[in-house]
Amino acid sequence: DAGITQSPRHKVTETGTPVTLRCHQTENHRYMYWYRQDPGHGLRLIHYSYGVKDTDKGEVSDGYSVSRSKTEDFLLTLESATSSQTSVYFCAISERTGMNTEAFFGQGTRLTVV
Amino acid sequence: QQPVQSPQAVILREGEDAVINCSSSKALYSVHWYRQKHGEAPVFLMILLKGGEQKGHEKISASFNEKKQQSSLYLTASQLSYSGTYFCGTVTSGSARQLTFGSGTQLTVLP
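Residues numbered from 1 in each chain as written. Chains lettered and ligands numbered in written order. Predicted model: local features only at pLDDT ≥ 70, side-chain atom pairs only at ≥ 80, totals over all residues. Heavy atoms only, no water.

This brings us to the sheet that holds strand S1 (residues 4-7) of chain A. All names here are of chain A. Read across the open sheet, the four strands follow the order S1-S3-S8-S7; overall the sheet is antiparallel. Every interior strand has two partners, whereas the edge strands, S1 and strand S7 (64-70), have only one. With direction set aside, neighbouring strand axes in the sheet form an average angle of 15°. Sheet topology note: the strand S3 (residues 19-25)/strand S8 (residues 73-78) ladder contains six bridges and is antiparallel. Bridging across to S8, His24 finds its partner in Asp73. (Pairing = 2+ DSSP bridges. Helix = DSSP H or I, 4+ residues; strand = E, 2+ residues; numbered from the N terminus. Axes fitted to C-alpha atoms, helices over the stretch in contact; angles between N-to-C directions.)

Dropping the structure here:
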């Protein structure tokens, strides 16, 4: 199994509080992604990174920010959590995008905003 | 923009065949297929690249029509273990760093 760990695995937080989710990899892969999964919407891309300090927005980036100061860590921050951000968040890694290399997913973080 | 998958759900008996379709409004560089079991992370099945190269699963096949920007996943002689939600992911020629997924197809295989 690919070495990818998400933390925390579960979190309940209050509306308006900041929340940071962490994705840690031991594979030295260049690309890292954050997705959220909601019923009926599948996996939607929030942000992605193609190298240290190189990040870009995905389809649903409003209300989220990311940082990647080291190859192995990709942080997702909800600046001020809202109930609409209740979701399951998945991190994924890959050596490259668009080439013949697959993405590996973490086990997910279930976030509930009350 | 998310690719469009069809059908949204399918139920079949063990041993039957199924086809899941994925289409994009943009020119595609590659198509990925993943399966997710309930409560678990998505797992890689197959990649299809522009130009015809494939990499993936032994018992599952897929096609990629570059001109139509479509891909289909073929599950033959389904087993109970095939149950799950299938996602297609696309990389478009204009956004080669983004892997964007569809909304998924829920496949249920009954004994």
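Before going further, it helps to spend a moment on the sheet that holds strand S8 (residues 70-75) of chain B. Residues and elements named next belong to chain B. Strand order across the open sheet formed by four strands is S1-S3-S8-S7, with antiparallel pairing between neighbours. Lying at the two open borders of the sheet, with one neighbouring strand each, are strand S1 (4-6) and strand S7 (60-65). Averaged over neighbouring strand pairs, the angle between their axes works out to 15° when direction is ignored.

Time to look at the state of the cysteines. Evaluated as defined, the whole model comprises two disulfides over all chains. The disulfide bridge from Cys23 of chain A ends at Cys91 of chain A, spanning 1.9 Å between sulfur atoms. Between Cys23 of chain A and Cys91 of chain A, the S-S dihedral sits near -75°, and the bridge is therefore left-handed. One end of the pair, Cys23 of chain A, is in strand S3; the other, Cys91 of chain A, is in strand S9 (residues 87-94), with 68 residues separating them in the sequence. Each member of the pair Cys23 of chain A and Cys91 of chain A is classed as buried. Put simply, Cys22 of chain B and Cys88 of chain B are joined by a disulfide, and their sulfur atoms are 2.0 Å apart. Judged by the torsion about the S-S bond (65°), the Cys22 of chain B/Cys88 of chain B disulfide is right-handed. In this pair, Cys22 of chain B sits in strand S3 (residues 18-23) while Cys88 of chain B sits in strand S9 (residues 84-92), placing the two residues 66 residues apart along the sequence. You can call Cys22 of chain B buried: its relative accessible area is 3%. (Disulfide = S-S within 2.5 Å. Buried < 20%, exposed > 50% of the residue type's maximum accessible area, 1.4 Å probe, protein only.)

A word on the pattern of salt bridges. Residue and element names in this part refer to chain A. According to the stated counting rule, one finds four salt bridges over all chains in the structure shown. Its salt-bridge partner being Asp73, residue Arg22 comes within 3.1 Å of it at the nearest N-O pair. One end of the pair, Arg22, is in strand S3; the other, Asp73, is in strand S8, with 51 residues separating them in the sequence. We classify Arg22 as partly exposed; its relative accessible area is 34%. Note on Asp73: relative accessible area 9%, which makes it buried. Linking Asp38 and Arg44 is a salt bridge whose minimum nitrogen-to-oxygen distance equals 2.9 Å. You can call Asp38 buried: its relative accessible area is 11%. If you follow the salt bridges from partner to partner, you end up with Arg22, Lys70 and Asp73 in one network. (Salt bridge = Lys/Arg side-chain N within 4 Å of Asp/Glu carboxyl O.)

Cis geometry is adopted by the peptide bond preceding Pro8 of chain A, which originates at Ser7 of chain A and carries an omega value of -10°. A cis amide bond links Ser6 of chain B to the next residue, Pro7 of chain B, at an omega of -5°. When you line up the elements, Pro7 of chain B lands in the loop between S1 and strand S2 (9-13). Phi at Lys53 of chain A takes a positive value of approximately 65°, unusual for a residue other than glycine. For Lys53 of chain A, the position within the fold is in the loop between strand S5 (42-51) and strand S6 (54-57).

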